[in-house]
Structures are given as C-alpha cells and as structure tokens.
Number of protein chains: 2
Amino acid sequence: MRNKPYLATVMNVQDTQQKIIEAAILVFNEDPSSPLEKVAEKALVTRRTLHRYFKDRNELVQLCEQDIRRNCRKGILAAMNSSSDALKQLEHMLYAGIDCGVKYSFFYKMHNMHDHQHHKANEACVEYDEIDACYKNIIKQLQQKRKISKHVTLEWVKILYNSIIIGTINAQVNHLVERKELKNFAWFSFSKGIGA
Amino acid sequence: MRNKPYLATVMNVQDTQQKIIEAAILVFNEDPSSPLEKVAEKALVTRRTLHRYFKDRNELVQLCEQDIRRNCRKGILAAMNSSSDALKQLEHMLYAGIDCGVKYSFFYKMHNMHDHQHHKANEACVEYDEIDACYKNIIKQLQQKRKISKHVTLEWVKILYNSIIIGTINAQVNHLVERKELKNFAWFSFSKGIGA
DNA sequence: GGTTTATTTCTCATATTTGAGACATTATTT
DNA sequence: AAATAATGTCTCAAATATGAGAAATAAACC
C-alpha cells in the first residue's frame with residue numbers, strides 16, 4: 001500500500017543501490033537494530049527490492065560503513081590539504097565534517113563507541129588512525145604556536161570538535177537553524193571554545 | 001548460562017525494577033530497537049525477570065521516559081534556582097545536564113528528534129516547554145546585558161549548549177578524559193563559544 | 001510498438017523476538 | 001528452620017522480522 005507506486009524520476013541499478021545505502025545510513029544512525037522495513041520506507045522502495053540488492057542485513061551494514069569511510073575520508077583529507085596554515089586546515093576540516101552530514105556522525109560512532117574494538121589488523125581502523133594522527137598533529141602545531149588556550153587538552157579539543165560537528169549536523173537535519181549560518185556559528189564557537 | 005547466577009548483593013523490588021530501567025536507558029539510548037535480551041544482560045538479570053516487572057516493551061519504554069523526565073527536570077530546575085545571576089545559572093545548568101549523564105542525551109532526543117511530534121496536550125511536552133522557556137529567558141537576559149556575542153543567535157546557543165553536554169557525557173561514558181576535568185572544560189568552551 | 005530491465009505485489013518458509021506458565025533454586029524474614 | 005518473596009531455568013505459543021520465489025506491472029531502450 002504505497003502512496004507513490006512509481007516515482008517520476010527513475011534511476012538505474014547503481015542509483016537504487018546507493019539510494020538504499022543512503023537511507024540505511026540515516027536509519028541505522030539513529031536506530032542500529034531498526035527493521036529493514038524502515039530502511040526500505042525511507043528509500044521509497046519495497047523491502048523486496050532491498051533484499052534483491054543486498055544478500056542480508058549484514059551485507060547492507062558493511063556497505064554502509066564502507067560508503068561512510070570513503071565519503072568522510074575523502075572530504076576530510078581534501079580539507080587537510082586545502083591549506084598550509086594549521087588554523088585554516090582545522091577550519092576547513094570542520095566544514096568538511098559538517099558537509100558529510102549524518103555520515104560523519106556514524107563515522108565517529110563507528111570508531112569511538114564503547115563497543116568498538118580497535119584493531120590494527122582492521123584496515124578501517126588503520127585508516128581512521130591515519131586521519132586521527134593528522135588531526136592531532138594540527139592541534140599540536142597550534143598548541144606550540146600558542147594559538148590554543150593552555151586550559152584545554154588535546155583530548156578535549158577533539159571532543160569539542162566532534163561535539164560541535166555532530167550537533168550542527170543534527171540541527172540541520174531537524175531544521176533548527178538556517179543551514180547557511182550553521183557553519184559560521186560552528187567555527188565561531190569552536191575556535192573561541194579552544195581559545196583560538 | 002550466566003557466569004554469576006546470584007549476585008552477592010541482593011535487592012528489593014524497587015531496586016530491581018529501577019536497575020532494569022537504568023539498564024534500558026543505557027541500551028535504548030544507543031539502540032532504540034534493541035532486543036530486550038540486551039537490556040536484561042546489561043541489568044544482570046534474566047529476560048524472564050524483566051518480563052515480570054514490565055507488561056511489555058512499551059511499558060518499559062514509558063517508564064524509562066518517565067524516569068528520565070523526573071530526573072532531568074529535578075536536576076535542571078535545582079540548578080536554575082541555585083543563583084540569581086544568569087551566567088551562574090547557566091553554568092550550573094550545564095553541570096546539572098552533565099550530571100544527568102545518558103539520561104540527558106535521551107531527554108534531549110525525546111524532544112528534539114525529527115520523529116517527535118510536539119503536542120501541547122502531552123504533559124511531557126508542556127514540562128519540557130517550561131524548562132525551555134526558562135532557559136531561553138536566561139539567554140535573553142545575557143544577550144541584553146551584552147554578556148553574549150552578537151554573532152550568535154539564541155537557537156545556536158541552545159545547539160552549542162546541548163552539543164557540549166552530550167559530547168561531554170559520551171566522553172565520560174567512553175572514558176576519554178578525566179571525569180573531574182570534563183566539567184571545567186565544558187564550561188570553559190561553552191562560555192567562550194558564546195562569547196561570554 | 002515490442003523487447004528488456006527493474007520494481008512491485010503476493011506468498012511462503014524460516015529465524016528471531018516477545019511474553020508467560022510451571023516449577024526449581026536462592027534470599028529474606030521471622 | 002520454616003515460611004515467604006524474588007529470581008532463575010525450562011518450555012512453549014504468538015508476534016514480528018527476514019529472506020526469497022513467481023508472476024504482474026511499469027519504465028527504459030531500441
């Protein structure tokens with residue numbers, strides 16, 4: 001009983017598969033054990049179609065995580081290389097995180113929740129560590145140049161950074177504030193918040 | 001197949017019920033559709049015991065939400081009344097939020113996620129609005145006294161405030177930073193972040 | 001317009017989750 | 001130490017979620 005049996009815009013195989021992945025990321029980010037029915041609804045397809053594209057729930061989750069990794073990594077690395085000034089790098093990375101949207105929230109959870117087991121054998125973990133190392137490096141540079149308050153530690157800077165990105169993403173998902181202004185607010189508060 | 005069939009410390013009815021509620025809040029906060037088995041595990045009871053205390057899943061969720069409302073409301077209102085200085089009020093409210101722990105995260109989601117329908121007929125919503133009105137009032141006072149930067153809006157202050165509280169709570173759940181220092185960091189960054 | 005491809009609909013088998021009865025086991029109380 | 005209360009174990013029925021076959025339907029492509 002679907003209200004719109006066939007959408008005006010039709011898409012090819014890749015598009016449908018990707019559409020389902022995008023929907024799954026949105027749903028699983030808020031409710032990891034959600035029934036697949038909810039994912040199908042969000043993607044505007046039937047559950048039957050979903051099952052044709054993915055062997056089982058696990059495969060769908062794996063592909064979501066892969067998509068997230070690729071997406072976030074790409075955006076963040078591009079931002080890192082966008083400048084040689086550490087503070088500008090940090091600013092652009094913040095914007096890149098916000099641009100990743102819910103994928104960034106998911107990405108962060110994937111590697112920072114208590115149930116996550118960090119393994120050097122896991123390639124995803126290695127990739128994350130790489131980004132983390134670059135990020136830490138930028139913060140340390142700023143600390144040495146006295147651009148960051150002595151009152152805050154490296155760990156707290158990371159927490160604040162991720163809190164603001166994720167909070168901003170939630171705000172724009174829930175339409176709490178003008179989208180365009182959000183990035184400015186986020187950077188203003190983050191930079192002030194670390195005493196920059 | 002439980003490793004510790006009977007715990008050394010034994011508790012009465014209220015304690016067991018409350019223990020299950022506390023466990024359920026932790027589990028559902030991260031995974032709302034989680035099987036009840038997970039909740040029972042976290043509470044160190046069998047699923048059978050859980051079902052003796054709660055008619056069904058829905059009742060458990062209701063009682064979790066009720067507990068969260070009571071808890072958060074109490075802490076936040078006490079903090080509000082702890083001073084007549086708006087900035088001190090705000091500071092104490094931030095600490096109160098952090099002290100609520102995961103309950104605060106849940107509380108915030110309950111009333112701010114996109115799937116939440118706000119109704120004036122719902123008593124919980126009215127209660128939340130009450131707190132929200134007080135909070136807004138405090139911010140407005142600070143804005144009038146030029147204690148808050150003109151660059152940020154009331155809505156953004158709320159987003160930042162909740163982002164930092166929730167981020168701080170996650171950090172302490174995942175043992176990322178010394179618990180004692182977290183509150184200081186949180187207030188430092190929030191107050192700077194709004195230009196106070 | 002006819003062919004091909006993708007999606008829906010309907011259906012069904014299987015797996016998992018849920019909720020509860022009956023009784024054994026452990027704690028608490030007196 | 002006997003009675004009482006709470007929890008665990010084992011079991012089972014009902015509900016829900018998962019995954020897939022078969023045929024109908026819609027869209028896309030010559």
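Given the structure is predicted, the values throughout are model-derived calculations rather than measurements. (Residues numbered from 1 in each chain as written. Chains lettered and ligands numbered in written order. Predicted model: local features only at pLDDT ≥ 70, side-chain atom pairs only at ≥ 80, totals over all residues. Heavy atoms only, no water.)

As for the overall build of chain A
Reasoning step 1: On a plain count of helices and strands, chain A comes out with nine helices and zero strands.
Reasoning step 2: Along chain A, helices (α) and strands (β) appear in the sequence α-α-α-α-α-α-α-α-α when read from the amino end.
Reasoning step 3: Taken over the C-alpha atoms alone, chain A extends approximately 60 × 40 × 30 Å along its principal axes.
Reasoning step 4: Scored against the burial criterion, the 196 residues of chain A give a buried share of 46%.
Reasoning step 5: Counting only contacts in chain A whose residues sit at least 6 apart along the sequence, the fraction spanning at least 24 positions is 65%.
Reasoning step 6: When the accessible surface of chain A is split by element, carbon and sulfur atoms take 50% of a total near 10600 Å². (Helix = DSSP H or I, 4+ residues; strand = E, 2+ residues; numbered from the N terminus. Buried < 20%, exposed > 50% of the residue type's maximum accessible area, 1.4 Å probe, protein only. Contact = heavy atoms within 4.5 Å. Areas by Shrake-Rupley, 256 points an atom, 1.4 Å probe, with all protein chains shown as cover.)

Here we look at the pattern of salt bridges
Residue and element names in this part refer to chain A.
Reasoning step 1: One pass over the structure, following the stated rule, counts 20 salt bridges over all chains.
Reasoning step 2: With its nearest N and O atoms 3.1 Å apart, the salt bridge here joins Lys55 to Asp56.
Reasoning step 3: What makes Lys55 exposed here is its relative accessible area of 64%.
Reasoning step 4: A salt bridge links Lys158 to Asp132, with the nearest nitrogen and oxygen atoms 3.0 Å apart. With a gap of 26 residues between them, Lys158 in helix H8 (residues 154-173) and Asp132 in helix H7 (residues 123-144) connect regions that are remote in the sequence.
Reasoning step 5: Three or more residues are tied together by salt bridges with common partners; here these are Glu22, Asp67 and Lys103. (Salt bridge = Lys/Arg side-chain N within 4 Å of Asp/Glu carboxyl O.)

Section: the domain arrangement of chain A
Residue and element names in this part refer to chain A.
Reasoning step 1: By the assigned domains, chain A splits into domain 1 (1-54) and domain 2 (68-193).
Reasoning step 2: With centres defined by C-alpha atoms, the gap from domain 1 to domain 2 works out at 29 Å.
Reasoning step 3: The partner domain 2 presents six residues to the six residues of domain 1 that form the contact.
Reasoning step 4: Interface area, domain 1 with domain 2, both sides summed: about 550 Å², of which 62% is carbon and sulfur.
Reasoning step 5: The tally of links between domain 1 and domain 2 comes to one salt bridge.
Reasoning step 6: Lys103 serves as the salt-bridge partner of Glu22, at 3.1 Å between the closest nitrogen and oxygen.
Reasoning step 7: Across the side of domain 1 that touches domain 2, the residue classes break down as three nonpolar, two polar and one charged. (Domains from an automatic or database assignment. Buried area = accessible area lost by both parts, 1.4 Å probe. Nonpolar A, V, L, I, M, F, W, Y, C, P; charged D, E, K, R; others polar.)

Topic: the nonpolar core
Reasoning step 1: A:Leu60, A:Leu90, A:Phe190, B:Leu60, B:Leu90 and B:Phe190 are the most contacted members of the largest nonpolar core, which has 124 residues in total.
Reasoning step 2: Sequence-distant contacts of B:Leu60, that is, excluding residues within four places in its chain, are made with B:Ile20, B:Ile21, B:Ala24, B:Phe28, B:Leu36, B:Leu50 and B:Phe54. (Core = buried A, V, L, I, M, F, W, Y, C linked by side-chain atoms within 4.5 Å.)

Focus on H8(A)
All names here are of chain A.
Reasoning step 1: With 20 residues, H8 extends 29 Å from end C-alpha to end C-alpha; this agrees with the ideal 28 Å at 1.5 Å per step.
Reasoning step 2: Among the 20 residues of H8, 17 are classified as buried, and the element is accordingly described as predominantly covered.
Reasoning step 3: In the segment just after H8, His175 is the residue with positive phi, at about 55°. (Expected span 1.5 Å × (residues − 1).)

Let's talk about the side chain of B:Asn112
Reasoning step 1: Locating B:Asn112 in the fold gives a position in helix H6 (residues 102-112).
Reasoning step 2: What makes B:Asn112 buried here is its relative accessible area of 18%.

Focus: the relation of the copies chain B and chain A
Reasoning step 1: Superposing chain B onto chain A takes a rotation of 180° plus a shift of 0.0 Å along the axis, which leaves an RMSD of 0.1 Å. What the superposition gives is, in effect, a two-fold axis relating one chain to the other.
Reasoning step 2: A shared interface surface links the copies, since 100% of the contact residues of chain B are contact residues in chain A too. (Least-squares fit on C-alpha atoms with pLDDT ≥ 70 in both.)

What to know about the environment of A:Val45
Reasoning step 1: Note that A:Val45 resides in the loop between helix H2 (36-43) and helix H3 (47-53).
Reasoning step 2: The spacing of A:Val45 and A:Ser84 is 39 residues in sequence and 45 Å in space, taken between C-alpha atoms.

Description of the packing of aromatic side chains
Residue and element names in this part refer to chain A.
Reasoning step 1: One pass over the structure, following the stated rule, counts 10 aromatic pairs over all chains.
Reasoning step 2: Geometrically, the ring pair formed by Tyr135 and Tyr161 is tilted, given 4.6 Å between the ring centres and 40° between the ring planes. Highlighted residues: Tyr135 in helix H7 and Tyr161 in helix H8, separated in sequence by 26 residues.
Reasoning step 3: Aromatic side chains Tyr161 and Phe190 sit 5.6 Å apart centroid to centroid with 65° between the ring planes, which places their arrangement in the edge-to-face category. Remark: Phe190 occurs in helix H9 (residues 179-193) and Tyr161 occurs in helix H8; sequence separation between them is 29 residues. Phe190 carries the same exposure label as Tyr161, and that label is buried.
Reasoning step 4: Grouping aromatic residues by their ring pairs yields a cluster made of Tyr135, Tyr161, Trp187 and Phe190. (Phe/Tyr/Trp six-rings, centres within 6.5 Å; stacked < 30°, edge-to-face > 60°.)

Some remarks on unusual backbone geometry
The phi angle of most residues is negative, glycine excepted, and most peptide bonds adopt the trans form.
All names here are of chain A.
Reasoning step 1: Even without glycine at this site, Arg146 takes up a positive phi of about 60°.
Reasoning step 2: Among the structural elements, Arg146 can be located in the loop between H7 and H8.
Reasoning step 3: A positive phi angle, close to 55°, is found at His175, a residue other than glycine.
Reasoning step 4: One can find His175 in the loop between H8 and H9.

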